[in-house]
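One-letter residues, chain by chain:
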Amino acid sequence: MKNNKLSTDSYKGVRDFFPEDMAIQEYIFETWSHTAESFGFSRYDASVLEPSAIYKAKGAENEEMVNEQTYSFVDRGNREVTLRPEMTPTVARMIAAKRRDLTFPVRWYSIPNLFRYERAQRGRLREHWQLNCDIFGADDYTADIEIIALAYQVLVNFGATEDMFEILVNNRQTMKKAYEMLGITNADTVTAITRLNDRKDKIEPTEYLKSLTEIVNDESLAKEIKKMIESSDPGDSVVVAGLKEMGINNVRIDRSLARGFDYYTGTIFEIKDTNPDNNRSLLGGGRYDNLTAMFGGEAVSGIGFGMGDVTMRDFLETHDLLTSNIPAPTLMIMPLDKKLNLPAQILAKQFRDAGLSVATDMSDKKIGKKLANAGEQFVDFALILGDNEYKNKQYQVKNLTDQTETSGTLDELIEFLTQ
Ligand code: HAM
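The notes below deal with the structure included here.

About the thresholds
Residues numbered from 1 in each chain as written. Predicted model: local features only at pLDDT ≥ 70, side-chain atom pairs only at ≥ 80, totals over all residues. Heavy atoms only, no water. Buried < 20%, exposed > 50% of the residue type's maximum accessible area, 1.4 Å probe, protein only. Helix = DSSP H or I, 4+ residues; strand = E, 2+ residues; numbered from the N terminus. Pairing = 2+ DSSP bridges. Near = heavy atom within 4 Å. Polar contact = N/O pair within 3.5 Å; in protein donor to acceptor, adjacent residues only side chain to side chain. Areas by Shrake-Rupley, 256 points an atom, 1.4 Å probe, with all protein chains shown as cover. Axes fitted to C-alpha atoms, helices over the stretch in contact; angles between N-to-C directions. Contact = heavy atoms within 4.5 Å. 1 Å grid on protein atoms, 1.4 Å probe; cavity = no way out; pocket = protein on both sides within 12 Å on 5 of 7 lines; lining within 4 Å. Points joined across faces, edges and corners; volume = space filled by probe spheres on them. Nonpolar A, V, L, I, M, F, W, Y, C, P; charged D, E, K, R; others polar. Parallel < 35°, antiparallel > 145°, perpendicular 65-115°, else oblique. Left-handed = near helix turned anticlockwise from the far one by under 90°. Phe/Tyr/Trp six-rings, centres within 6.5 Å; stacked < 30°, edge-to-face > 60°.

**A short note on the pairing of strand β11 (residues 281-288)**
Reasoning step 1: For β11, a buried count of eight out of eight residues is recorded, marking the element as mostly surrounded by other parts of the structure.
Reasoning step 2: Relative to β11, strand β10 (residues 267-273) runs antiparallel, the two sharing five bridges. Note on β11: the bridge partner recorded for Phe269 is Gly285.
Reasoning step 3: In terms of strand pairing, β11 meets strand β12 (residues 302-308) through six bridges, oriented antiparallel. Note on β12: the bridge partner recorded for Gly285 is Phe305.

Laid out in structure tokens, this is it:
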């Protein structure tokens, strides 16, 4: 017979979350949401399905994303549908829909799963989760400072110190002016240079200069552009100065910072791990003043970022900031005989009703093995249920850390375990 068993592998580029992965994921999500809420952000969400049009509309267009990276299909009613590759168009749609009822500035956060048809590699998968924090209806530069300070605080709340990451800031307006000063006014030329800058870290300096020369058709001009891009002069960046005034020191201007999306109009920023093993960005974001306009009506400005769970976990592992926290019950009840399995369940319920977390080990394993397993799973206490305990309603719980034993009735032990 032909062996045609199904593979146990997950779909290419996505992950299964076994309990140990799930525990890490939950820790990441909890730290994300409590930090966002400590800045007064409210949580929202939406469906993973979006009409494809919102990624193609003027203002949101991003050729690489739409043409090469989305999971798109036509549904049974002939509608073009896309699995959301990012959250920003969705949140812009939701803000535009409720614009009249909202009191600005609005601070919203979400932890969506996003789908991008990418070549799977370290830090890049086909499904990832992303903390999205955005402020709408605040044009002042201090909103830019607040959103970057929030991103910084997320990392600090994971136990990170300033030497572990770096905040890079740039500004699309400043870049436009800098190009104008060099005589480059054509928008397509600026876009071409910006896209090249986006790849600057990944190519050789000579190749960068060669491509730049091809774009502007002038070698000395290309050299001048390169010099400007490589200058670390913060100029009049009030955002960088303000962050430093707040006590955030690992921030600098990076004129080569481009960001892949065309919708950004002002400040743009990324945070990078200082460990070269993780050269991908931990997060990226920026100001986008016109995105809601594609849904009609007056535009509401936005500033925000997305922080991915894949690079976040790599960061925490690289800097040794993860502690295992797989949830384990406080008490494991171990029946000595099969016929005591049901009484064990009933006893477990009575402990649970008092607020304890309790499980039973109804396997056929020897009691020594059951105790060893419970210890490995970080269970705190064990209760061995034999005929005598069952009959006399007097039990003994064993502390699996220091091996001490405590005897008593159900009520006495509840009191002991909950104190
Ligand atoms: P983005 O730079 O495409 O921005 O993604 C932000 C972050 O999400 C990245 O820095 C990375 O941590 C993570 N990420 C992106 N793609 C993948 C992937 N394929 N696998 C794993 N992680 C990934 C945006 O998406 C913007 N919409 C963010 C934003 C919000 N801008 C303003 N508000």
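**Section: the site of the ligand**
Reasoning step 1: In the vicinity of the ligand there are 27 residues, among which Glu86, Thr88, Glu118, Leu125 and Tyr264 approach most closely.
Reasoning step 2: Leu125 places a main-chain nitrogen or oxygen 2.8 Å from a nitrogen atom of the ligand.
Reasoning step 3: The protein chains hide 97% of the 660 Å² of surface that the ligand would expose on its own.
Reasoning step 4: Of all elements in the fold, only β7 (127-136), β11, β12 and α11 (309-318) reach the threshold of two or more residues within the shell around the ligand.
Reasoning step 5: Top element by residues in the shell around the ligand is β11. It accounts for six residues.

**A closer look at the sheet that holds strand β15 (residues 381-385)**
Reasoning step 1: The sheet built from five strands is open, its strands ordered β14-β13-β15-β16-β17 with mixed pairing. The two strands at the open ends of the sheet, each matched to only one other strand, are β14 (358-360) and β17 (405-408). Here the strands of the sheet are splayed against their neighbours by 25° on average, with no regard to which way each runs.
Reasoning step 2: Bridge count for strand β13 (residues 331-335) against β15 is five bridges, and the pairing is parallel. Within the sheet, the bridge partner assigned to Ile333 lies in β15 and is Leu383.
Reasoning step 3: Sitting on the sheet, helix α13 (residues 367-376) is in contact with β13, β15 and β16 (395-399), with an inclination near 165° to β13.

**A look at the layout of surface pockets**
Reasoning step 1: The computed volume of the second largest pocket comes to approximately 280 Å³.
Reasoning step 2: Considering the residues around the second largest pocket, the lining is formed by 19 residues, among which Asp144, Asn171, Val238, Val239 and Thr267 are closest to the centre.
Reasoning step 3: Those elements that provide at least two residues to the lining of the second largest pocket are α5 (141-157), β8 (165-171), α6 (172-181) and α10 (238-245).
Reasoning step 4: Top element by residues in the lining of the second largest pocket is β8. It accounts for three residues.
Reasoning step 5: Of the residues that constitute the lining of the second largest pocket, the class distribution is five nonpolar, eight polar and six charged.

**Brief notes about the packing of helix α8 (residues 205-216) against helix α9 (residues 219-230)**
Reasoning step 1: Direction vectors running N to C along α8 and α9 enclose 125°, while the axes themselves pass 8 Å from each other. Overall, the two elements α8 and α9 adopt an arrangement that is oblique. Crossing of α8 over α9 shows right-handed handedness. Across the interface between the two elements, Pro205, Tyr208, Leu209, Leu212, Thr213 and Val216 of α8 pack against Glu219, Leu221, Ala222, Lys223, Ile225, Lys226 and Ile229 of α9.

**A short note on the packing of aromatic side chains**
Reasoning step 1: Using the criterion set out here, one finds 15 aromatic pairs in the structure.
Reasoning step 2: Here the aromatic rings of Phe29 and Trp32 are separated by 5.7 Å at their centres, their planes lie at 20°, and the arrangement is stacked. Highlighted residues: Phe29 and Trp32, both in helix α1 (residues 19-38), separated by three residues, approximately one helical turn. For the pair Phe29 and Trp32, a shared accessibility class is recorded, and that class is buried.
Reasoning step 3: Relative to Phe416, the ring of Phe381 has its centre 5.8 Å away and its plane inclined at 75°; by these criteria the two rings are edge-to-face. In this pair, Phe381 is assigned in strand β15 and Phe416 in helix α15 (residues 410-418), connecting sequence segments 35 residues apart.

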